[in-house]
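# A look at the structure
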Amino acid sequence: MMETLRKTILNKKILVMCFLTGYLLRGIIYHFIPVVNTVFTYVFSVWTLIVLISEIMQKKILSDPAEKVTACFLAAAAVSLALSGASFEADAVISLIQLTLLMILAFTAMKDDESGGRYYQTAALTAWCVIIFLGLISTAAYVTYRAGIRLPFGLNSASRIFTYGHLGNDERFCGYFGYSTDGGNLCALCLVLSVWLMKVRKLPVWAGIPSCLICLFMIYALDVRTSMIEVMITALAGCYFLIRKKLSAKKAVLSVVLLIVLGAAAVYILKTEKILSLTAQLREDPAGTLRFLSTGRTVYWAQAFEAFLKKPLFGWGWLNSSQLTFFDAHNIIFNLLLWTGAAGTGLFAVFAVILIRKLVLNRKKITEKQLAWLTVLLLCILAEAMLDRCIAGTANTGPETTMFWLTAGYLYYLK
């Protein structure tokens, strides 16, 4: 009994799966048990340290170039935190522990996989099931609320399915996802997973197509612009894969570029007056217009870069956004420059190069095993990271971050 418990605790695959599932459910649990965030944070932090020590003692990690670079990145982040002094707080330490879980343990979870990817498929199906469940009950709550129908126990009450919006200034639908942005990003993730799961026949078409429609409706209702960009990437990828069946890769790419041009032309024709108005505003007040279009992000990016120039080597300390007027820069590059300086950002860039190179080398295997849609998943979450706070593994990142690192590791160690 004790031996079974020990093996369970030290199994990083179980840790990663529990971490993914726990944070998928956190949004709905929080409505009824607010303390869940604190409990999850400390339980997974302690569990991560136990598994990490076990993995190091057994020499199961840090033997690959990608793992060594991520370890160096984490070390640079820790140094930046130590040098920052005043910013050495519990949240920052916990964030680094969670980032270690993602960049080391989740990334290497599929390293010695001999099951044909069954573990990853289980994780993908788990994420799909939870997100669709949240999407269904959020849709029911939204539709009944708009129709003026009150559900028992206040299940669709405004206080439960609405939260603060952009910059905390307006009310915004969040459903049972906890926050609108989290819901939109999860639905964008679920959209790609639905397509891939149908592709590998782990999800029947009768369930996959309705799930895609639910995700699209939720993204519209939640009004998450970042997720809409992910939908566009998914749509373009779908067009590419369809065209690729008939034409060469070069012609397929040119066809997608043509679709983008035609789409841009259609938008210009349909929204000429609005576009001309924005163009005029851009000429008169470029900073204000960009701030409006980016929902304030350009301000944080500028502040982050100015702060980086003051401390270019190790930055201001991991998770220390004291130089901003917001809690982070909502962009992974500017966050890394601000928090870890050139040292951490450079190491993260090296890891990205290593990962991309390996994916290129593995492209034949990826195609043969029908995993091309997982590269689209990585691309979508990367696009999200340019406008949000995912990938870096801060205290506010969502389950899509776990799926990013798990997917990246799966494709990297593909056999």
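Below, the structure is looked at part by part. (Residues numbered from 1 in each chain as written. Predicted model: local features only at pLDDT ≥ 70, side-chain atom pairs only at ≥ 80, totals over all residues. Heavy atoms only, no water.)

## Here we look at the pattern of salt bridges
- Under the counting rule described, the total for this entry stands at four salt bridges.
- A salt bridge links glutamate 3 to arginine 6; the shortest N-O distance between them is 2.8 Å. With glutamate 3 and arginine 6 both in helix α1 (residues 2-10) and three residues apart, this pair spans about one turn of that helix.
- Judged by its relative accessible area of 39%, glutamate 3 falls in the partly exposed class.
- Overall, arginine 6 belongs to the partly exposed group, its relative accessible area being 43%.
- Among the ionic pairs, glutamate 67 bridges to lysine 111, the shortest N-O distance being 2.9 Å. (Salt bridge = Lys/Arg side-chain N within 4 Å of Asp/Glu carboxyl O. Helix = DSSP H or I, 4+ residues; strand = E, 2+ residues; numbered from the N terminus. Buried < 20%, exposed > 50% of the residue type's maximum accessible area, 1.4 Å probe, protein only.)

## Concerning the nonpolar core
- Among the nonpolar cores identified, the biggest contains 114 residues, and Phe107, Tyr120, Trp196, Trp318, Ile391 and Trp405 are the most heavily contacted of them.
- Every residue in contact with tyrosine 120, bar those within four places of it in the chain, is listed here: Met110, Trp196, Leu374, Leu377, Met403, Leu406, Thr407 and Tyr410. (Core = buried A, V, L, I, M, F, W, Y, C linked by side-chain atoms within 4.5 Å. Contact = heavy atoms within 4.5 Å.)

## Side note on helix α3 (residues 36-57)
- Spanning 22 residues, α3 covers 32 Å between terminal C-alpha atoms, matching the ideal 32 Å at 1.5 Å per step.
- Listed in full, the buried residues belonging to α3 are Val36, Phe40, Thr41, Phe44, Ser45, Trp47, Thr48, Val51, Leu52, Ser54 and Glu55.
- The positive-phi residue at the C-terminal boundary of α3 is lysine 59, with phi of around 55°. (Expected span 1.5 Å × (residues − 1).)

## Remarks on the side chain of asparagine 156
- As for its placement among the helices and strands, asparagine 156 is situated in the loop between α6 (118-146) and α7 (158-161).
- Residue classification places asparagine 156 among the buried residues on the basis of a relative accessible area of 5%.
- There is a polar contact of 2.6 Å between the side chain of asparagine 156 and the backbone oxygen of isoleucine 149.
- Here leucine 151 takes part through its backbone nitrogen, which lies 3.0 Å from a polar atom of the side chain of asparagine 156. (Polar contact = N/O pair within 3.5 Å; in protein donor to acceptor, adjacent residues only side chain to side chain.)

## Some details on helix α14 (residues 297-310)
- Over its 14 residues, α14 runs 20 Å from end to end, which matches the ideal 20 Å to within 8%, given 1.5 Å per residue.
- Considered for burial, the residues of α14 that qualify are Arg297, Tyr300, Trp301, Gln303, Ala304, Ala307 and Phe308. Viewed along the axis of α14, the buried residues span an arc of 165°, placing them on a single side of the element. Counted as exposed and oriented over 90 degrees from the buried face of α14: Glu306, Leu309 and Lys310. (Arc of directions from axis to C-beta.)

## A word on the environment of valine 376
- Residue placement: valine 376 occurs in helix α17 (residues 372-385).
- Accessibility expressed as a relative area gives 7% for valine 376, which makes it buried.
- In this structure valine 376 touches Ile233, Thr234, Ala237 and Phe241, once residues within four positions along its chain are discounted.

Any link to function would need more than the numbers given here.
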